[in-house]
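The chain contents come next:
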Amino acid sequence: MKTLFVFFCLCFVCFSTIAQRPYFQQETNYQIQVKLDDVNHILRGFEKIEYVNQSPDTLYHIFIHVWPNAYKNDYTDFAEHLIENKKTDFYYSQKKDRGFIDSLQFSTDGELLTVRNVENKQDILYVEFKKPLYPSQRVTISTPFRVVLPIVFSRLGHDEQNYQISQWYPKPAVYDNNGWHPMPYLDQSEFYSEFGTFQVEITLPQNYVVAATGSLETQSEALFIDSIVEKTKQFTGQNPIPLLIQPNAISSSSQYKTIVYKQQNIHDFAWFASKNYLIEKKDILLDNQKKVSCFSYFKPQHAKAYKGSTDHIASTIQYLSKHVGIYPYTQASIVDGKLEAGGGMEYPMITVIDGKSVSDLQTVIIHEVGHNWFYGILGNNEREHTWMDEGINSFYEHKIDELISNEKKLKSANENNSGIELKIKNSGQLAYQLSALQHTNQSINTASNKMTPLNVWSVFYSKVPLLMAYLEQYMGAETFEKAMKAYYSQFEFKHPQPIDFRKNMEFYTNENLAWLFDDVFEKDIPIDFGIKKVEKKEQKHAVYVTSKTAFKGPIPISQVVNDTIHATQWITYPYAEAAMFEAIKGAYYKVNALQSAPEIKFANNAFYPSRLFKKQKFGMALVGLGVKEKQQLFVLPAVGYNHYNSWMFGALLHNIRIPNNSFQFALAPMYSIGAKQLVGTGFLSYKWYPKNTFHKIEYVIQGRSFHHQKSSLNVANPVLARHNKILNSLLFTLPTEPREHKLKEFSISYYAIQENGIGYNFHALDSIYTPFVKNNTWNHYAAIRYKHRHDRVTNPYSYQIEILGNNEFIKAGLTAQAKVDYHMKNKGFYARFYAGKFLYIANASQLLITNKNIYLNAVSTGANDFLYDNIYMARNEQSGALAHQIAMHEGGLKIRTPFYANPLGISDNWMLALNLKSDIPLKTKIKLQGFFDMATFADAKKSNPSGNKMLYDAGFQLSIMNAITFYVPLLQSRDFKEYTHSIFPKNRLLNSISFSLDLSHWVFRNTHENALKLVF
């Protein structure tokens, strides 16, 4: 027993030591020689890595990243992640445009090392040491390598003979207190690397201009750079030199040069080369009198946009050096390039900026240069803790961007002898609310590779900067700056973790900041402040506030006079006290007045003591986009048309906006020119987001009233019959993984439909019939549906199970759809399968069923849309162009047979159908497809005049904007053929053409989701 006790004590001491062991950091020093073959777009190099084991552990192996292999084939993590993000350029690219790294032979002391791939990671290698690497020991690993450069799909690559050489050399993974961090290359996510010293020798044709990480050691190249700088000063950008526009138009020099760069305390090395770069240079002195050279390398066609760009580099370096920590390097550069992984990408001392970013160049430069601090110097794990670089850096980007913009405005105002009002703007609120109000946002501490593209934007680049602004406002600017300087000083050239940032902030606030780092960063509790009430107490106002969510952080309350903040107080949890303000005439009160905290709602943030509606502001507008502090009603003109109502004009009244509301409505009353009556449609919906079982619950009530039938028989004015519909639906959306692109939805619906018809009176005196409207009773139906849809970019599929009916019948159906992609963008083969069953609840002869349109139909037309779920232009017409409309519903066949007393393909028992179509596998933007349909059903042999058991058609279809599709059947089964021959002796092909309308992609109440699909 005593022995066992001692064993447990030893285990406890051991585990405690591991958990509490001091910080350590490995060191990697590089010597790289590389030569560019600009004819074949190949790098050939040799690398020596000195790896210093500064950990307390003995290492037996090392992980090495060979990230160019990410571009090797379709099965890398990079390729698969792109597909998940619905980016297909790489997937559909040709083999010759891809890249890889090979010719690797890792050795130490001349002995080859054992190397193997890590699981299925083609860009991570496991390299086994010949002998253990003990603490404080170092080893030199060397290898030749060859990189076949891809065209630019992400960061590394070439755009003709413009070269972007990043993530290009074999590079050890980080080993820290949490172990090894091997990570595949990803487009969306960034990196984590060890600090050390680099010496890089680049050999390439003599007339290339090179921009790179590090200090240029080659004097002749420095003189060459200076000559380009002087040439650039004479270049206006208005009339570019023709030979400089396309680098391939400039012959590469037959003479080669070798350029040497050296740098200490960096964790990566990137370089860029082109034969037509222009260069702008600016030298600045920091507060410690350190000189820093700012370089801007750009293409001649962008010269006008880049003129003065070094000013933005300088302003960023000066601001961050003053307010965070001194810039430690001697130069900083930006490069005009081609980038598919965002607007810009940072590397130590240099950043590449995509050519499409010239319209927002100032902001992009500030952001990317700022990464020298929050990535370059504070080298956190960007993959796991992206907020520590992107979020904090974006916070400072907003500050510097606003400072520069305001200086420009002030200068312009002074020149025009006019004043200017400076305002604080937080555009990040919109981005945050786009996902937060849909409850699709993810926790700040989520690793970037697990984030959706929308959440990368809304969380890291929007929400976190807002939280930094909120924390700064709470701490006070001076205290916040002291904390940031201390953080920088402690972790310069190190690997800070989230706990390090938190401890530093808690030290300077002298508070437990669990309400921020636990509740918001980790648990993702939303923030929604509100004012409960304002009481008049003598000559003061007592303002009581609340948090409308589980958030327990401090709340800022401001007194606002003439739209200017007069005073601000903070109230902390449990918010029992009131903020006291001197009562000022015309003053009102706002929580979070600067919008620094990311809130999900702002319309409840103000209280107006002197107004009738003290907590709300109301307004009217045409459209709703952006974060608003008032409730809005939107009014738009409404226009419609169908065969019966003719043109309809009215107004669309709604509250649908982006970001959206939980409660939504849209009402469209219109006046029908044809019927000379009011018609219209509308809906109301409300969404709940429960914490368990369901992601979303939505209740929707829809209504519509239009005309659907008319008769002009023996009357001067047509008689019109209308339908009225009320649909109540409860939709339950099941939770799915954020990056899955899946929808799982269960719904229960109740339909109440009054479908009036047209009857005829016989007038014996005149022996004629005249039409009249038959006011029919309401019909009631219930439906249960389950939808499963996987909207992955390759080979998507879906299925729906539906059961509907009433006290007379039950109709069940299964619809399944799948796409098999050709290896061409937007080209594929599509299959749709339908199986339906119809059941009478009682004996058919005892039922009131007289409408065969409720049966299973091989061809779906307006006449058998008894639920009025689809939009038909001429619902019950037999002739005319608009009568050719069909729907891809049930059987999905394309040829209508309305002139038969019993149209083809109707069953009150069962039906099976298969619909196939294929894109024309040619590189064309025209959506021309071939189709083939077939259907069979119970007693088909008896029902079809030919005695055949099968109906089929085939031909071509043309889709326009995925909304309207025209079908031209060239092959028909015997029954369809006999119908067209007997009914249409002329123009049989023309009369066989049909079309469909599919507006399901733009359900009005889902405008928010559909708008986001256009961007992401």
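Here is a short report on the structure shown in this document. (Residues numbered from 1 in each chain as written. Predicted model: local features only at pLDDT ≥ 70, side-chain atom pairs only at ≥ 80, totals over all residues. Heavy atoms only, no water.)

1. A word on helix 13 (residues 498-509)
Between its first and last C-alpha, helix 13 extends 17 Å over 12 residues, near the 16 Å set by a 1.5 Å rise per residue. By the burial criterion, the buried members of helix 13 are Pro498, Phe501, Arg502, Asn504, Met505, Glu506 and Thr509. Count one or two residues on from helix 13 and you reach asparagine 510, which has phi positive near 60°. (Helix = DSSP H or I, 4+ residues; strand = E, 2+ residues; numbered from the N terminus. Expected span 1.5 Å × (residues − 1). Buried < 20%, exposed > 50% of the residue type's maximum accessible area, 1.4 Å probe, protein only.)

2. Topic: the nonpolar core
Counting 164 residues, the largest nonpolar core has Trp168, Phe269, Trp271, Ile317, Trp387 and Tyr396 as the members making the most contacts within it. Residues contacting isoleucine 317, with those up to four places away along its chain left out, are Ile284, Leu286, Val292, Cys294, Tyr327, Ala332, Val369 and Trp373. Judged by nonpolar contacts, the second largest core, of 30 residues, contains Leu867, Ile886, Phe937 and Leu951. (Core = buried A, V, L, I, M, F, W, Y, C linked by side-chain atoms within 4.5 Å. Contact = heavy atoms within 4.5 Å.)

3. As for the side chain of threonine 861
With respect to the helices and strands, the residue threonine 861 is situated in the loop between strand 46 (856-857) and strand 47 (885-886). In this structure threonine 861 comes out as buried when scored by relative accessible area, which is 18%. In this structure, threonine 861 is in contact with Tyr872, Gln885, Ile886 and Arg896, ignoring residues within four places of it in sequence.

4. Quick look at a positive patch on the surface
Together, Arg611, Lys617, Lys628 and Lys630 give the surface a local cluster of positive charge. Checked against the element boundaries, lysine 630 lands in the loop between strand 32 (618-621) and strand 33 (631-642). Overall, the relative accessible area of 34% leaves lysine 630 in the partly exposed class. (Patch = residues over 30% accessible without salt bridge, like charges linked within 9 Å, V, L, I, M, F, W, Y side chains within 5 Å. Areas by Shrake-Rupley, 256 points an atom, 1.4 Å probe, with all protein chains shown as cover. Salt bridge = Lys/Arg side-chain N within 4 Å of Asp/Glu carboxyl O. Lys, Arg positive; Asp, Glu negative; His and termini not counted. Charge placed at Lys NZ, Arg CZ, Asp CG, Glu CD.)

5. Describing the pattern of salt bridges
One pass over the full model with this rule turns up 35 salt bridges. Among the ionic pairs, aspartate 283 bridges to lysine 291, the shortest N-O distance being 3.7 Å. Of the residues examined, aspartate 283 reaches a relative accessible area of 38% and is grouped as partly exposed. In this structure, the salt-bridge partner of lysine 463 is aspartate 524, at a minimum N-O distance of 2.6 Å. Residue lysine 463 is located in helix 11 (residues 453-475), and its partner aspartate 524 is located in the loop between helix 14 (514-522) and strand 25 (529-537); the two are separated by 61 residues in the primary sequence. Assigned by exposure class, lysine 463 and aspartate 524 land together as buried. Put simply, Arg502, Glu506 and Asp518 are held in one network by salt bridges that share partners.

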